[in-house]
Amino acid sequence: MTLAEIGHHLLFALSVASMSVGLVFVLAGAIGVIRLPDFYTRMHAAGVTDTLGAELIIMGLIFQAGDWQTVAKLALVALLLFLTSPTATHAVANAAHRAGHKPDLAHFKPKHPRELGQQEGQA
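Remember, it's a predicted structure, so these values are computed and weren't measured experimentally. (Residues numbered from 1 in each chain as written. Predicted model: local features only at pLDDT ≥ 70, side-chain atom pairs only at ≥ 80, totals over all residues. Heavy atoms only, no water.)

A. View of the overall build of the protein. Within the protein, the regular secondary structure consists of four helices and zero strands. Counting from the amino terminus, helix and strand elements in the protein follow one another as α-α-α-α. For the protein, whose C-alpha radius of gyration is 22 Å, the value lies well above the compact-globule estimate of 14 Å for 123 residues. Seen through its principal axes, the protein has C-alpha atoms that stretch 80 × 35 × 20 Å. A fraction of 69% describes how many contacts in the protein between residues 6 or more apart in sequence connect residues 24 or more apart. Per element, the accessible surface of the protein, about 9,100 Å² overall, is 71% carbon and sulfur. (Helix = DSSP H or I, 4+ residues; strand = E, 2+ residues; numbered from the N terminus. Rg over C-alpha atoms; globule rule 2.2 N^0.38 Å. Contact = heavy atoms within 4.5 Å. Areas by Shrake-Rupley, 256 points an atom, 1.4 Å probe, with all protein chains shown as cover.)

Okay, here's the thing in C-alpha coordinates:
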(Lines give C-alpha, C1' and ligand atoms only; values in the text may rest on other atoms or scores of the structure.)
Protein backbone atom coordinates (compact mmCIF):
# COMPACT_ATOMS: atom_id res chain seq x y z
CA MET A 1 0.00 0.00 0.00
CA THR A 2 1.46 3.33 -1.01
CA LEU A 3 1.51 6.52 1.00
CA ALA A 4 -1.10 8.09 -1.32
CA GLU A 5 -3.51 5.20 -0.73
CA ILE A 6 -3.04 5.51 3.03
CA GLY A 7 -3.79 9.23 2.74
CA HIS A 8 -6.98 8.55 0.80
CA HIS A 9 -8.13 6.00 3.38
CA LEU A 10 -7.32 8.42 6.20
CA LEU A 11 -9.29 11.24 4.54
CA PHE A 12 -12.21 8.87 3.97
CA ALA A 13 -12.16 7.83 7.64
CA LEU A 14 -12.02 11.47 8.78
CA SER A 15 -14.88 12.31 6.44
CA VAL A 16 -17.09 9.50 7.70
CA ALA A 17 -16.29 10.35 11.32
CA SER A 18 -17.02 14.06 10.84
CA MET A 19 -20.30 13.45 9.02
CA SER A 20 -21.37 10.84 11.59
CA VAL A 21 -20.73 13.18 14.53
CA GLY A 22 -22.54 15.96 12.65
CA LEU A 23 -25.50 13.67 12.11
CA VAL A 24 -25.61 12.88 15.83
CA PHE A 25 -25.71 16.61 16.64
CA VAL A 26 -28.47 17.28 14.11
CA LEU A 27 -30.52 14.37 15.47
CA ALA A 28 -29.98 15.59 19.05
CA GLY A 29 -31.26 19.01 18.02
CA ALA A 30 -34.32 17.49 16.38
CA ILE A 31 -35.07 15.44 19.46
CA GLY A 32 -34.58 18.54 21.61
CA VAL A 33 -37.08 20.48 19.52
CA ILE A 34 -39.63 17.71 19.98
CA ARG A 35 -39.07 16.99 23.67
CA LEU A 36 -38.22 20.29 25.35
CA PRO A 37 -41.13 22.07 27.05
CA ASP A 38 -40.56 25.72 26.17
CA PHE A 39 -40.14 27.83 23.04
CA TYR A 40 -36.85 29.31 24.23
CA THR A 41 -35.31 25.96 25.18
CA ARG A 42 -36.39 24.57 21.82
CA MET A 43 -34.78 27.52 20.06
CA HIS A 44 -31.57 26.91 21.99
CA ALA A 45 -31.53 23.22 21.10
CA ALA A 46 -32.18 23.92 17.44
CA GLY A 47 -29.75 26.80 17.13
CA VAL A 48 -26.72 25.32 18.85
CA THR A 49 -26.85 21.73 17.66
CA ASP A 50 -27.90 22.42 14.09
CA THR A 51 -25.09 24.93 13.57
CA LEU A 52 -22.43 22.57 14.90
CA GLY A 53 -23.92 19.54 13.14
CA ALA A 54 -24.11 21.30 9.79
CA GLU A 55 -20.53 22.56 10.15
CA LEU A 56 -19.28 19.04 10.87
CA ILE A 57 -21.17 17.64 7.89
CA ILE A 58 -19.70 20.32 5.63
CA MET A 59 -16.23 19.56 7.02
CA GLY A 60 -16.76 15.91 6.09
CA LEU A 61 -17.75 16.98 2.59
CA ILE A 62 -14.62 19.12 2.36
CA PHE A 63 -12.53 16.04 3.17
CA GLN A 64 -14.26 14.24 0.27
CA ALA A 65 -13.87 17.11 -2.22
CA GLY A 66 -11.60 16.43 -5.14
CA ASP A 67 -10.55 19.90 -6.23
CA TRP A 68 -9.85 23.25 -4.65
CA GLN A 69 -12.89 24.95 -6.21
CA THR A 70 -15.27 22.59 -4.44
CA VAL A 71 -13.36 23.07 -1.20
CA ALA A 72 -13.59 26.85 -1.58
CA LYS A 73 -17.34 26.72 -2.27
CA LEU A 74 -17.99 24.44 0.70
CA ALA A 75 -15.83 26.65 2.93
CA LEU A 76 -17.84 29.68 1.84
CA VAL A 77 -21.10 27.89 2.60
CA ALA A 78 -19.71 26.90 6.01
CA LEU A 79 -18.68 30.49 6.75
CA LEU A 80 -22.07 31.88 5.76
CA LEU A 81 -23.85 29.22 7.81
CA PHE A 82 -21.57 29.93 10.78
CA LEU A 83 -22.48 33.62 10.64
CA THR A 84 -26.17 33.48 9.76
CA SER A 85 -27.51 30.55 11.79
CA PRO A 86 -26.82 31.97 15.28
CA THR A 87 -27.91 35.41 14.09
CA ALA A 88 -31.22 34.06 12.82
CA THR A 89 -31.80 32.10 16.02
CA HIS A 90 -31.15 35.21 18.09
CA ALA A 91 -33.45 37.30 15.89
CA VAL A 92 -36.34 34.85 16.24
CA ALA A 93 -35.88 34.55 20.02
CA ASN A 94 -35.63 38.34 20.34
CA ALA A 95 -38.81 38.81 18.29
CA ALA A 96 -40.64 36.35 20.53
CA HIS A 97 -39.41 38.17 23.63
CA ARG A 98 -40.48 41.56 22.27
CA ALA A 99 -43.89 40.13 21.34
CA GLY A 100 -44.39 39.21 24.99
CA HIS A 101 -43.84 35.47 24.79
CA LYS A 102 -42.93 34.42 28.33
CA PRO A 103 -40.72 31.43 29.15
CA ASP A 104 -42.36 28.46 30.84
CA LEU A 105 -40.70 28.47 34.23
CA ALA A 106 -43.12 26.07 35.93
CA HIS A 107 -40.68 23.17 35.60
CA PHE A 108 -37.63 25.11 36.78
CA LYS A 109 -38.91 27.71 39.23
CA PRO A 110 -37.00 27.58 42.53
CA LYS A 111 -38.78 28.14 45.82
CA HIS A 112 -38.73 31.59 47.38
CA PRO A 113 -36.42 31.96 50.42
CA ARG A 114 -39.43 32.78 52.64
CA GLU A 115 -40.98 29.44 51.67
CA LEU A 116 -37.76 27.65 52.55
CA GLY A 117 -37.63 29.40 55.95
CA GLN A 118 -41.24 28.45 56.74
CA GLN A 119 -40.53 24.82 55.94
CA GLU A 120 -37.50 24.81 58.25
CA GLY A 121 -39.54 26.43 61.07
CA GLN A 122 -42.26 23.81 60.76
CA ALA A 123 -39.86 20.90 60.97
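Okay, back to it.
B. Structural view of a nonpolar patch on the surface. Where nonpolar side chains cluster on the molecular surface, the patch consists of Leu76, Leu79, Leu80, Phe82 and Leu83 and spans about 500 Å² of accessible area. Along the chain, Leu83 falls in helix α3 (residues 68–98). Of the residues examined, Leu83 reaches a relative accessible area of 48% and is grouped as partly exposed. (Patch = residues over 30% accessible without salt bridge, like charges linked within 9 Å, V, L, I, M, F, W, Y side chains within 5 Å. Salt bridge = Lys/Arg side-chain N within 4 Å of Asp/Glu carboxyl O. Buried < 20%, exposed > 50% of the residue type's maximum accessible area, 1.4 Å probe, protein only.)

C. Looking closely at α3. When the terminal C-alpha atoms of α3 are compared, their 45 Å separation across 31 residues agrees well with the 45 Å that a helix rising 1.5 Å per residue should span. Turning to α3, its buried residues number three or more, namely Leu74, Ala78, Ser85, Ala93 and Ala96. Lining the buried residues of α3 we find α2 (39–64). Two residues or fewer past α3, Gly100 is found with a positive phi of approximately 95 degrees. (Expected span 1.5 Å × (residues − 1).)

Any functional reading would require information beyond the geometric quantities listed.
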